[in-house]
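Structure assessment
Residues per chain are reported as follows:
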Amino acid sequence: MAQMGKLRPGKVECLALGHTGRDKNRGPERLNYCPKSHSQLGQSWGSDPGLLAPPLQRPPCSPTLRPLQNLLLLWTLLNCGLGGSAQGPGEWTPWGSWSRCSSSCGRGLSVRSRRCFWFPGGEPCWGDSHEYHLCHLPDCPVGAIPFRDLQCALYNGHPVLGTQKTYQWVPFYGAPNQCDLNCLAEGHSFYHSFGRVLDGTPCSPGTQGLCVAGRCLSAGCDGLLGSDAREDHCGRCGGTNESCFLVQRVFRDSGAFAGYWNVTLIPEGARHIRVAHRSRNHLALIGGDGRYVLNGNWAVSPPGTYEVAGTRVVYTRAAGPEELLSAAGPTSQDLLLQVLLQEPNPGIEFEFWLPRERYGPFQAQAQALGWSLRQQQPREVEPEAPDLRAAPAPSAPRAPTPAPEPCRRCPDTRGRAPRLLYYCRSDFVFRARVLSRLHQAEETRYEVQVQLIYKNRSPLRALEYVWAPGRCPCPRLDLHREYLLAAQRLISPDGTQDRLLLPHMGYARAWSPAEESRVRLAARHCPV
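Along every chain, residues carry numbers that run from 1 in the direction the sequence is written. Local features in this predicted model are restricted to residues whose pLDDT is 70 or higher, and side-chain atom pairs enter the listing and the counts only when it is 80 or higher, whereas totals over whole chains, interfaces and linings include all residues. To obtain the side-chain values, all non-hydrogen atoms of the structure were used and water was disregarded.

The protein appears in an unreviewed UniProt entry as ADAMTS-like protein 5 from Callorhinus ursinus. The record held by UniProt for the protein lists under Subcellular location (unreviewed entry) the comment "Secreted". UniProt positions are given in the numbering used here, feature names are shortened, and annotations may be inferred rather than shown by experiment.

Laid out in structure tokens, this is it:
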């Protein structure tokens, strides 16, 4: 029965330069070493995927005359670079070139080798004579026969076990050593081990390890099989977390109203992201395009994996009041983490690792998000009428000031169509209580207390200013009443003003349970 050839790496191949032998016919001594090029020292691979050819055989050396022995020895030392790269008593040659990948598709390995030179009486070199590198090729086509199946199939129809009976063999994964070629006889209840699998064979289905010389090895971050090199939290292979910072905080803001509240900005380049909390509130995530990825627009998303910002975000929600977000990163764009408050916030724990060069800008952005994106303005109230009971101070007679023209009655814009139109076109829809009103030039500014948010393109504060065009805006808001408002965000060209605008003839309805239900119904018909 034909035996399957195997490459057995790890054995240090050494050549004793000083070793000599006797030749009774030609004289007392001759040199037994003939130098080879590095390409000859390397291993060659078979043409079939994953099949290794045996090592190239060393050609016999031609006899060398003794007067040239010292010259040849010196030439060998110079060509092998034995000047200062010693790793032990012996000396290694430089590494040969990498061989081609052992597989024609999917994952495989390539190998390179080196030789050790040492003198009589010394010790061999320290280290390995072979290195194995993981190589990635395009995925194998659907229906391709796995590499281990091909190796078992080589024994189909051949007698085994000392009998003339033949079997059809398929891989068997229940044996102790997963890097042996264990094959199950189809239709029978026994398996046979045909020795080691060929190098580059996957250890088992669904795993990342590959078999090399009978051992299951995984690749380190440097791509070498058997390497223990690992990425640090900064994403550097073999690093020590010196090039990044850990951002680890707890968001404890309880919020003044139910709705969406900012938790933190997750900047571009963040890694190892983790967010957790225990409450009936829900975590929400906004992508770089301003659209919700999770739990947006008052709709709870199902647990699962979501693709955003170049990474996969795993969202889990336990049977109890517990939510968890995690992502390996790095993120390719900024993300905004929010919380949809439905009850007091007991605390949201979040952490991620950030490159050093991004930590300063993150602090500045986080501080800005801690306040509103709109500049805080001094609070002003509408002046009250003077007390007529007080004695008027004597003053010079003045011409009477003309009274302002009374505001005209606003047209009726009630109905389903205007409500749906303004809901879809607006950036914000919320319920608010009017605290004050102030006329400035040809504008009217309302200070409102936000009670509930139905739609928001960016964060809202508990207290906001809403601007309306004209001194007699339509619709007109009365003090100390609650309204359902649809507002737009207006940013000046130079970026110095960022306002909430209530358009002329826009949507502003006195709050009532019936009107609130109509607003929620409009949200269902409005595309996100």
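1. Describing the confidence of the model for the protein
For every residue, the pLDDT score states the predictor's confidence, bounded by 0 at the bottom and 100 at the top. This prediction gives the protein a mean pLDDT of 75; 73% of its residues lie at or above 70. A low-confidence stretch, residues 1–75 (pLDDT under 50), is modelled with 133 contacts involving residues beyond four sequence positions or located in other chains. Scored below 50 in pLDDT, residues 371–397 makes 33 contacts in the model with residues more than four places away or belonging to other chains. The criterion used for residue contact is that any of the two residues' heavy atoms lie within 4.5 Å.

2. Some details on the pairing of strand 26 (residues 482–491)
Any two strands with at least two DSSP-identified bridges between them are counted as paired. Strands here are runs of E lasting at least two residues and helices are runs of H or I lasting at least four, both read from the DSSP assignment and numbered beginning at the N terminus. Bridge count for strand 23 (residues 428–440) against strand 26 is 6 bridges, and the pairing is antiparallel. For Arg-431, the partnering residue across the bridge sits in strand 26 and is Leu-484. Bridge count between strand 26 and strand 28 (residues 508–510): 3 bridges; the pairing is antiparallel. By the bridge assignment, Tyr-483 is partnered in strand 28 with Ala-510. As paired strands, strand 26 and strand 27 (residues 498–501) are joined by 4 bridges and run antiparallel to one another. Note on strand 27: the bridge partner recorded for Arg-489 is Leu-500.

3. A short note on the layout of surface pockets
Each pocket or cavity is described by its volume, and for the largest pocket that value is around 620 Å³. Together, 29 residues line the largest pocket, and Cys-105, Cys-140, Pro-146, Phe-147 and Pro-202 are the ones closest to its centre. Elements that contribute at least two residues to the lining of the largest pocket include exactly strand 5 (107–113) and helix 3 (147–153). Every definition here rests on a 1 Å grid over the protein atoms only: cavities are sets of points where a 1.4 Å probe fits but cannot get out, pockets are open sets enclosed by protein on both sides within 12 Å along at least five of seven lines, and lining residues have some atom within 4 Å of a point. Grid points are joined across faces, edges and corners, and a volume is the space filled by probe spheres set on the points.

4. Focus on the nonpolar core
The nonpolar core is taken to be a set of buried Ala, Val, Leu, Ile, Met, Phe, Trp, Tyr and Cys residues, with the residues joined through side-chain atoms within 4.5 Å. The cut-offs for exposure are 20% and 50% of the maximum accessible area for each residue type, with area from a 1.4 Å probe on protein chains only; residues under the lower value are buried, those over the upper are exposed, and the others partly exposed. Core analysis: the largest hydrophobic core is formed by 27 residues, its most contacted members being Val-275, Leu-325 and Phe-352. Here Leu-325 is in contact with Ile-273, Arg-274, Val-275, Leu-283, Leu-294, Val-313, Val-314, Tyr-315 and Leu-337, once residues within four sequence places are set aside. Grouped together as the second largest cluster of nonpolar side chains are 18 residues, Phe-430, Val-450, Leu-460 and Val-466 included.

5. Examining the packing of helix 5 (residues 416–425) against helix 6 (residues 513–525)
Think of each axis as a best-fit line through the C-alpha atoms, taken over the contacting stretch in the case of a helix, with angles from 0 to 180 degrees between the N-to-C directions. Interhelical geometry of helix 5 versus helix 6 gives an angle of 60° and a closest axis separation of 9 Å. Between helix 5 and helix 6, the angle falls in the class oblique. Relative to helix 6, the crossing made by helix 5 is right-handed. Across from Arg-416, Arg-419, Leu-420 and Tyr-423 in helix 5, the residues of helix 6 making contact are Glu-515, Arg-518, Val-519, Ala-522, Ala-523 and His-525. Side-chain classes are defined by residue name, with Ala, Val, Leu, Ile, Met, Phe, Trp, Tyr, Cys and Pro counting as nonpolar, Asp, Glu, Lys and Arg as charged, and the others, Gly among them, as polar. Grouping the amino acids of the contact of helix 5 with helix 6 by side-chain chemistry returns 5 nonpolar, 1 polar and 4 charged. An angle below 35 degrees is read as roughly parallel, one above 145 as roughly antiparallel, one from 65 to 115 as roughly perpendicular, and any other as oblique. A clockwise turn of the near helix away from the far one marks a right-handed crossing, whereas an anticlockwise turn of less than a right angle marks a left-handed crossing.

6. Section: the sheet that holds strand 10 (residues 191–196)
In space, the 3 strands of this open sheet follow the order 8-9-10, with antiparallel pairing throughout. What marks the edges here is a single partner per strand, and that holds for strand 8 (169–171) and strand 10. Between one strand axis and the next, the sheet turns through 35° on average, direction left out of account. Two elements, strand 9 (residues 180–185) and strand 10, share 4 bridges in a ladder whose sense is antiparallel. Considered in strand 10, the bridge of Asp-180 is made with Arg-196.

7. A word on the state of the cysteines
Disulfides are defined as cysteine sulfur pairs within 2.5 Å. Under the definition given, this model contains 8 disulfides. Between Cys-203 and Cys-216 runs a disulfide, and the two sulfur atoms are separated by 2.1 Å. The S-S bond linking Cys-203 to Cys-216 shows a torsion near 110°; that makes this disulfide right-handed. One end of the pair, Cys-203, is in the loop between strand 10 and strand 11 (210–212); the other, Cys-216, is in strand 12 (residues 215–217), and 13 residues separate them in sequence. For Cys-216, a relative accessible area of 34% corresponds to the partly exposed category.

8. Let's talk about the sheet that holds strand 15 (residues 271–277)
Taken together, the 6 strands give an open sheet; going across it, the order is 13-22-15-20-19-18, and neighbouring strands pair in antiparallel fashion. Looking at which strands have only one partner, the edges of the open sheet turn out to be strand 13 (244–251) and strand 18 (304–308). Within the sheet, the average angular offset between the axes of one strand and its neighbour, ignoring direction, is 15°. Strand direction decides the pairing type here: strand 19 (residues 311–317) and strand 20 (residues 323–327), joined by 5 bridges, are antiparallel. Within strand 20, the residue paired with Val-313 across the bridge is Ala-327.

9. As for helix 5
Buried within helix 5 we find Arg-419, Tyr-422 and Tyr-423. Considered in projection along helix 5, the buried side chains sweep an arc of 105° and stay on one side of the axis. Exposed residues lying more than 90 degrees from the buried face of helix 5 are Ala-417 and Arg-425. Contact partners of the buried residues in helix 5: strand 23, strand 24 (443–456), strand 26 and helix 6. This arc describes the spread of directions from the helix axis toward the C-beta atoms.

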